[in-house]
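# Close look at the chain arrangement
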Amino acid sequence: MRRIIIVLFLLTCAGAGGLYAWGRAKAATTQGQADKPGAAGGKGPGAPVPVSATPVMQKDIPIYLDALGNVQAFASVTVRTQVDGQIMKIAFTEGQAVKKGDLLAQIDPQPLQAQLEQTQARKKQDEAKVVQDHAKVRQDQAKVKQDQAKQVQDEASLSNAKVTFQRYSDTLAANAVTKQSVDDARTLVATLTATIEGDQASILADEAAVQADEAAIQADEATVLADEANIKFAQTQLAYTNITSPLDGRVGIRLVDEGNVVHTNDVNGLVVVSQLQPISVIFALPQQDLQKINARMLTSKLSALAVDPNGSALLDTGELLLVDNQIDPTTGTIKLKATFPNPALKLWPGGFVNVRLLLETRTKSVVIAAPAVQQGPDGNYVFLIKDDAVEPQPVKVALIQDGEALIESGLNPGDSVVLTGQDRLKSGSKVNVQASKKKGEKETEKKDKAEKSEKAEKSEKQHKDAPAEKSGDAK
């Protein structure tokens, strides 16, 4: 049975070898016929050269300035504690999106709450003292009035005593009164005079007491104001025990855990919050572009495109925010900053993107595919197709962008130029314009070739492995 299998395998190999030799011979015959003079698309003298063509078009062309940019958060804040204390609660999840004012962490509020209550009690005590000082002022003012009334009364008595003394003095010569009565009247005048002086001294003392009381009231009221300030400070400190997000954004990696004691002078903080919507991109352009950019910014805002590093996908569209205030003397470049709304969060801080700054849009521009432009000793030129023949046509290229060449002069819309196959052309060469394959067809053809190549490799491997296996079986 094994000998029969070996024989069948050898016959199969021989048949396959014969088919391969026949195919090679047929291909050589076909190639020989194609190389004969006059064959279509061949290499003989006077034969049309196969080329592909591209039309000259007229359209609006956006002019971009391209640069490599670095994505940065629009705002980034390291959240730190403003009071010392133990962390009782971490209220966020790492990587969570937060809004401004959302609770991030809570510090033990009890020590600061006690301090606040103590300050509030001190304020009430000082307010009671102010009330007490006001009562004392009113009491001293009443005493002043009482002493003033007594002084008026004593002055009236003094006036009567002086009148009596004068009358007694006048009648003493006539022996109408005794000398003792005159002396008593004199003594009474002196006594009342001294009393009035005492009343005046008492009034001055009472007025001084009133002034002292008013000064004490002002001091107590100032103390109350200080107490109010201390209460506000204590309330603020107490509010700091609830640590909230300072902006809308996304939190990063947690830098501290619950139970730790934190201080206001800690270096690392609790967490970093970064604002991603909008987001910024920093990039640099040569200083030669500065004047054009500044001139455009005077009239309108400049649009900016953020493209992935491969240049295949548009990530977001934004606008130029600012141009830096100085040129870097070491590189001769100027830094610029663009902002993007970043709705899908395709831009992430720290990443690199290609930035395309839209400088202007040139309307009704003449453009062709960039590979059609050739470089000669006299400058740029293209092969212009006319009546199945070509002629070199000098052109002036303004710029090449996105695979297209913007032509300033030398071509008109509707002209047709050679896209590929220029290496075999010269002035007056006949051409055979072949239809260019579409992108989808090229990809399909490439895929088919890859599949055929893979199948051929598998078949060759099977042929190589088969004899060894049969040999092993025979043994």
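Keep in mind it's a predicted model, so treat the numbers as computed, not measured.

### Description of the confidence of the model for the protein chain
This prediction gives the protein chain a mean pLDDT of 83; 81% of its residues lie at or above 70. Ignoring residues within four places in sequence, the model shows residues 25-42, a span with pLDDT below 50, making eleven contacts including any to other chains.

### Some details on the nonpolar core
In terms of nonpolar packing, the biggest core is built from 24 residues, with F283, I293, L336 and L357 touching the most fellow members. Of the residues forming this core, the biggest block, five residues, is contributed by strand β9 (residues 271-286). The contacts of I293, once residues within four sequence positions are left out, are L65, L285, L302, L320, V323, L336, L357 and L359.

### Overview of the pattern of salt bridges
All told, the structure shown has 15 salt bridges when counted by the stated rule. Of the charged contacts, one joins K150 and D154 as a salt bridge, the two residues approaching to 3.0 Å between their closest N and O atoms. Of this pair, K150 and D154 are both found in helix α2 (residues 110-172), four residues apart, which corresponds to roughly one turn of the helix. A residue is classified by how much of its surface remains accessible, and K150, at 37% relative accessible area, is partly exposed. Taking the shortest distance from any N to any O, the salt bridge between E408 and K396 comes out at 3.6 Å. On the criterion of sequence distance, the pair formed by E408 in strand β18 (residues 404-409) and K396 in strand β17 (residues 396-401) is long-range, its members being twelve residues apart. By relative accessible area, K396 is classed as partly exposed at 49%.

### Notes on the sheet that holds strand β8 (residues 261-262)
Each strand in a sheet pairs with another by means of backbone hydrogen bonds, the pair being arranged parallel or else antiparallel. Across the sheet, four strands lie side by side as β6-β5-β3-β8; this open sheet has antiparallel pairing. Where the open sheet ends on each side, the last strands, each with one partner, are β6 (242-244) and β8. With two bridges joining them, strand β3 (residues 85-90) and β8 adopt antiparallel strand pairing. Counterpart to Q86 in the pairing with β8 is V261.

### A word on unusual backbone geometry
Looking along the chain, the bond that leaves Q277 and enters P278 is cis, with omega of 0°. Along the chain, the position of P278 falls in strand β9. One non-glycine residue, K364, adopts positive backbone phi at about 50°. Assignment of secondary structure puts K364 in strand β13 (residues 352-369). Accessibility expressed as a relative area gives 63% for K364, which makes it exposed. With phi around 55°, D387 is a residue other than glycine that occupies positive phi space.

### Section: the packing of aromatic side chains
This model, assessed by the stated rule, comprises one aromatic pair. Taking the centre distance of 5.6 Å and the plane angle of 85° together, the rings of Y381 and F383 count as edge-to-face. In this structure, K337 is placed above the aromatic ring of F74, and the distance from its NZ or CZ to the ring centre is 6.0 Å.

### Some details on the environment of D220
Mapped onto the elements of the fold, D220 is located in helix α3 (residues 179-239). Along the primary structure D220 and V131 are separated by 89 residues, whereas in three dimensions their C-alpha atoms are 9.3 Å apart.

### Digging into the environment of L322
By the element assignment, L322 lies in strand β11 (residues 314-328). You can call L322 partly exposed: its relative accessible area is 38%. Between the C-alpha atom of L322 and that of M297, which follows or precedes it by 25 residues, the distance is 9.4 Å. Every residue in contact with L322, bar those within four places of it in the chain, is listed here: L336 and K337.

### A closer look at the packing of α2 against α3
Following both chains from N to C, one finds α2 and α3 inclined at 165°, their axes separated by 6 Å at the closest point. Relative to α3, the element α2 lies roughly antiparallel. Seen along the crossing, α2 lies across α3 with a hand that is left-handed.

### Quick notes on a nonpolar patch on the surface
Judged by side-chain polarity, F74, L321 and L322 come together as a nonpolar surface patch covering roughly 240 Å² of accessible area. As for its placement among the helices and strands, L321 is situated in strand β11. By relative accessible area, L321 is classed as partly exposed at 42%.

About the cut-offs
- Residues numbered from 1 in each chain as written.
- Predicted model: local features only at pLDDT ≥ 70, side-chain atom pairs only at ≥ 80, totals over all residues.
- Heavy atoms only, no water.
- pLDDT = per-residue confidence, 0-100.
- Contact = heavy atoms within 4.5 Å.
- Core = buried A, V, L, I, M, F, W, Y, C linked by side-chain atoms within 4.5 Å.
- Buried < 20%, exposed > 50% of the residue type's maximum accessible area, 1.4 Å probe, protein only.
- Helix = DSSP H or I, 4+ residues; strand = E, 2+ residues; numbered from the N terminus.
- Salt bridge = Lys/Arg side-chain N within 4 Å of Asp/Glu carboxyl O.
- Pairing = 2+ DSSP bridges.
- Phe/Tyr/Trp six-rings, centres within 6.5 Å; stacked < 30°, edge-to-face > 60°.
- Lys NZ or Arg CZ within 6 Å of the ring centre and 35° of its normal.
- Axes fitted to C-alpha atoms, helices over the stretch in contact; angles between N-to-C directions.
- Parallel < 35°, antiparallel > 145°, perpendicular 65-115°, else oblique.
- Left-handed = near helix turned anticlockwise from the far one by under 90°.
- Patch = residues over 30% accessible without salt bridge, like charges linked within 9 Å, V, L, I, M, F, W, Y side chains within 5 Å.
- Areas by Shrake-Rupley, 256 points an atom, 1.4 Å probe, with all protein chains shown as cover.

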